[in-house]
Amino acid sequence: MIRGLLIALALSAFTSANAATPPPKVAIIIDDIGYRYQQDRQALQLPTEIAFAIIPGSDHGRALGEAAVQQGREVLVHLPMEPVGVANARLGPVAIDHTDDELAVRRTLRAAMEELPFATGLNNHMGSRLTQERRPMLWLMESILCRRDLYFVDSYTTRHSVALATADALSIPAVRRDVFLDHVQTPAAIEVQVRRLVHLARQQGQALAIAHPHAPTLDALRALPRLLQAQGIELVAPSALVGDPSSRGMVAEAD
């Protein structure tokens, strides 16, 4: 009888420990929202945990952002930053490049927030050159710190990025992208990246993916909630992941 009681107590403790362990978490950000109205609107049909990153200065960014906020969806400023090979890049009217001084960086962030005042986060659009530069990253993070209402996501378009480390140094809520879901825009390639996202979430406890409003991507994201539920993984807004170093991936893809 004592042996049976000990086994029952052990099983009860094991069950309680497992029940107390939070499920792995996954967050998704849809980048590049704002220029293709009809295509981008389709992303509004996705679960509201999936956030929109809107390019300031884009033709339809504000309207799409307002629609997203009405759904209870998080919106980020998807701030264009200079990539390697800027001659081939279209940064748009609200952007930061390596020639900007501190005042210009502050003005750019202010212009972006005036256009998208409902944004609660910010991530970089392109930026493989600028995010390597310590001074502009410090100026940007100091500007974010002054606002006290934004979290930062390093899109991690270069392994040499100092953006997250700079945010950490100023105690800004921040996180780094783990996976690009659609760097290759085919269903098979996206499926591979979804599997990688699930693996990292299980391994790290959480993982953050960036995607884009392409048709194959939207198809995959419509099926994602059921897949995550079957795997015991929780789909959350990006703000639920900020500040935890365990969510930071190590592999960067190009802009």
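As a reminder, the structure under discussion sits directly above these lines.
Residues numbered from 1 in each chain as written. Predicted model: local features only at pLDDT ≥ 70, side-chain atom pairs only at ≥ 80, totals over all residues. Heavy atoms only, no water.

K.L.:
What should I look at first to understand the overall build of the protein chain in this one?
P.N.:
On a plain count of helices and strands, the protein chain comes out with eight helices and nine strands. Put simply, the protein chain has 255 residues, and 50% of those count as buried. A separation of at least 24 residues holds for 73% of the contacts in the protein chain among residues at least 6 apart in sequence. Total accessible area on the protein chain is roughly 12,100 Å²; 55% of this is exposed by carbon and sulfur atoms. (Helix = DSSP H or I, 4+ residues; strand = E, 2+ residues; numbered from the N terminus. Buried < 20%, exposed > 50% of the residue type's maximum accessible area, 1.4 Å probe, protein only. Contact = heavy atoms within 4.5 Å. Areas by Shrake-Rupley, 256 points an atom, 1.4 Å probe, with all protein chains shown as cover.)

K.L.:
When you look at the layout of surface pockets in this model, what are you seeing that I'm missing?
P.N.:
Think of a ball as big as a water molecule: rolled over the atoms, this probe shows where empty space is left. Considering only enclosed or pocket space, the second largest pocket measures out at about 230 Å³ in volume. Along the walls of the second largest pocket sit Asp32, Tyr35, Arg36, Ile55, Pro80, Arg90, Leu91, Gly92 and His125, which together make up its complete lining. Residue composition of the lining of the second largest pocket, grouped by class: four nonpolar, two polar and three charged. (1 Å grid on protein atoms, 1.4 Å probe; cavity = no way out; pocket = protein on both sides within 12 Å on 5 of 7 lines; lining within 4 Å. Points joined across faces, edges and corners; volume = space filled by probe spheres on them. Nonpolar A, V, L, I, M, F, W, Y, C, P; charged D, E, K, R; others polar.)

K.L.:
I would appreciate a short explanation of the nonpolar core in the present structure.
P.N.:
Grouped together as the largest cluster of nonpolar side chains are 58 residues, with contacts concentrated most on Ile28 and Leu140. Ranked by the residues each element gives to this core, the list is headed by helix H7 (residues 187-204), at six residues. Those residues within four positions of leucine 140 in sequence are excluded, and the remaining contacts are Leu79, Met81, Ile96, Val105, Leu109 and Leu122. (Core = buried A, V, L, I, M, F, W, Y, C linked by side-chain atoms within 4.5 Å.)

K.L.:
What is the right way to read the side chain of aspartate 154 from this model?
P.N.:
Position of aspartate 154 relative to the elements: it lies in strand S5 (residues 151-154). No salt bridge is formed by the buried aspartate 154; its nearest oppositely charged neighbour, arginine 176, is found at 5.4 Å. Here the side chain of aspartate 154 touches tyrosine 156 through a polar contact of 2.8 Å, landing on its backbone nitrogen. The residues touching aspartate 154, leaving out its near neighbours within four places in the chain, are Asn124, Ser161, Ala163, Leu164, Val175, Arg176 and Arg177. (Lys, Arg positive; Asp, Glu negative; His and termini not counted. Salt bridge = Lys/Arg side-chain N within 4 Å of Asp/Glu carboxyl O. Polar contact = N/O pair within 3.5 Å; in protein donor to acceptor, adjacent residues only side chain to side chain.)

K.L.:
Looking at this structure, I do not really get the pattern of salt bridges. What am I missing?
P.N.:
Close approach of charged atoms allows side chains with opposite charge to pair. Taken as a whole and judged by the stated rule, the model has eight salt bridges. Residues arginine 147 and aspartate 149 are paired through a salt bridge, measuring 3.3 Å at the closest nitrogen-oxygen approach. Three or more residues are tied together by salt bridges with common partners; here these are Glu102, Arg106 and Glu142.

K.L.:
When you look at the side chain of histidine 212 in this model, what are you seeing that I'm missing?
P.N.:
Note that histidine 212 resides in the loop between strand S8 (206-211) and helix H8 (215-230). Of the polar contacts made by the side chain of histidine 212, one reaches the side chain of aspartate 182; its length is 2.8 Å. The residues touching histidine 212, leaving out its near neighbours within four places in the chain, are Ile30, Asp31, Asp32, Asp182 and Thr217.

K.L.:
It is not clear to me how the environment of aspartate 40 should be interpreted in this structure. Could you clarify?
P.N.:
Summarising the element assignment, aspartate 40 is placed in helix H2 (residues 37-41). Beyond its immediate chain neighbours, meaning those up to four positions away, aspartate 40 contacts Asp32, Ile33, Gly34, Tyr35, Phe52, Leu64 and Pro213.

K.L.:
What is the right way to read the packing of aromatic side chains from this model?
P.N.:
Each pair of aromatic rings is reported with the distance of its centres and the angle of its planes. Enumeration according to the criterion identifies zero aromatic pairs in this entry. Between the NZ or CZ atom of arginine 176 and the centre of the ring of tyrosine 156, over which it lies, the distance is 4.1 Å. The aromatic ring of phenylalanine 180 is capped on one face by arginine 177, whose charged end is 4.1 Å from the ring centroid. (Phe/Tyr/Trp six-rings, centres within 6.5 Å; stacked < 30°, edge-to-face > 60°. Lys NZ or Arg CZ within 6 Å of the ring centre and 35° of its normal.)

K.L.:
Is there a simple way to think about the pairing of strand S1 (residues 25-33) in this case?
P.N.:
Every other side chain in a regular strand lies on the same face of the sheet, so the side chains alternate between the two faces. Judged by how many residues are buried, S1 sits mostly within the fold: eight of nine residues are covered. By the bridge criterion, six bridges tie S1 to S8 in an arrangement that is parallel. Across the sheet, the residue bridging to isoleucine 28 is alanine 209, located in S8. The sheet contact formed by S1 and strand S9 (residues 234-235) spans two bridges and is parallel. (Pairing = 2+ DSSP bridges.)

K.L.:
Just to check I follow, could you spell out the environment of proline 136 for this structure?
P.N.:
Residue position: proline 136 is located in helix H5 (residues 134-147). With a relative accessible area of 11%, proline 136 lands in the buried category. Put simply, proline 136 and aspartate 100 are 36 residues apart on the chain and 7.8 Å apart in space, counted from C-alpha to C-alpha. Contact partners of proline 136, with chain neighbours within four places excluded, come to Val105 and Leu130.

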